[in-house]
Structure formats: structure tokens, C-alpha cells
Amino acid sequence: MSDRKKWAFLERAPEHDALDPGLQDVARSLWRASLCRPLVFAHLAHALARDGIRYQTDTKRTGGEDIAGFTRRQSYPLEPLERGTDDCDAKARLFVALCRAVGLRARMVPRWDGETLRHVSAAVTIDGKELAAETILARAKLGETAEQVPEEKGTHRWRYT
């Protein structure tokens, strides 16, 4: 499977996911909890995607690439949240879909190493400012890229969610 084809799918997937009634219910609940404040909503959606789904590579979880709607037909946007584990693209995809479901501009963000898609994170635009949303690192705050997230003290490594 070409990483370029995979990315072409992932880049558009949250648009479709945002229309799912179950995902819209979750997004509306977060919107109400945020008192309809976009920045507070983005923090809540980021925390849900980062902490509500434990990071685990598809290879470790299923033995190969597993992208709902791409490598298999079934596509249910809340599946990673219900399962409790998934990889970087599923966590970022949930964040972006939640944001889009309430009308916020959000996008998937790829990290390439030549032709290899190494990592997927997200970003949301609020009040004209784009904020990074790293969803696999436990200490990541909304607005920080992976490079800005501090490593765990004494380990010189990051802790994954």
C-alpha cells in the first residue's frame, strides 16, 4: 500500500466522520461542556483523543495496517474510542472529526520521511490561529507539536498515552 494513497484517504476521512450521528452526539456534549467556547472545546476534544484512546500501533494491535474505510470497509468513527486503543492517525482523525462536527476548522497533519508517512497529528484553527494537536504523547498540550513536548524527567524519552 502506498503511503501517498493512505494519506490521500486520511486527509479527507474526518469530513465524512464528522457527519456520523454518534460522533455528532459526542461533539455536542463536549460543545455544551465547553459552554460553547471554541478554545475550551478544542482542549476537551484534544484530551479525549489523547487520553481516551491508548496509543498502540496497528501492527501490534491487528498484525497489519488497519484504517477504517480504507484497508477495510467498516468505518465507525467512535470505534477507536470504544475499543480504547489505536494508532496516531486514528487518534488525530477523531480529534479533527470532533472539531469539524461543531464547525471548527481542523486538519490532519502528516510527518513525512521521504515517501514514508511516519506520523499523523492534527491542528485546529481558533480565532485565526492554528494550534497543533499532538495526540499520542501523554504530556502534549493543545498548541504543542511533538518536538515541543517535554520528555519525561530522567528518561530522555516521551511517555505515550
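Reading the values: the criteria
Residues numbered from 1 in each chain as written. Predicted model: local features only at pLDDT ≥ 70, side-chain atom pairs only at ≥ 80, totals over all residues. Heavy atoms only, no water. Helix = DSSP H or I, 4+ residues; strand = E, 2+ residues; numbered from the N terminus. Expected span 1.5 Å × (residues − 1). Buried < 20%, exposed > 50% of the residue type's maximum accessible area, 1.4 Å probe, protein only. Arc of directions from axis to C-beta. Contact = heavy atoms within 4.5 Å. Pairing = 2+ DSSP bridges. Axes fitted to C-alpha atoms, helices over the stretch in contact; angles between N-to-C directions.

J.: Tell me what's going on with helix α3 (residues 38-51), and back it up with residues and numbers.
T.: A rise of 1.5 Å per residue sets the reference length of α3, with its 14 residues, at 20 Å; its end C-alpha atoms lie 20 Å apart and thus fit the reference within 8%. Within the sequence span of α3, burial applies to Phe41, Ala42, Ala45, His46, Ala49 and Arg50. Buried positions in α3, seen along its axis, are confined to an arc of 155° and lie on one side of it. Against the buried residues of α3 lie α2 (21-33), α6 (88-101), β4 (116-126) and β5 (129-133).

J.: Describe the sheet that holds strand β3 (residues 105-113), listing the residues and the values that go with them.
T.: Read from one edge to the other, the open sheet built from three strands follows the order β3-β4-β5, with strand pairing classed as antiparallel. Two strands bound the open sheet, and with one partner strand each, they are β3 and β5. Averaged over all pairs of adjacent strands, the angle between their axes in this sheet comes to 35°, without regard to strand direction. Pairing analysis gives nine bridges linking β3 to β4, with the strands arranged antiparallel. In the strand pairing of β4, Val109 is matched with Ser121. In the packing of α6 onto the sheet, the strands contacted are β3, β4 and β5, and the crossing angle to β4 comes to about 20°.

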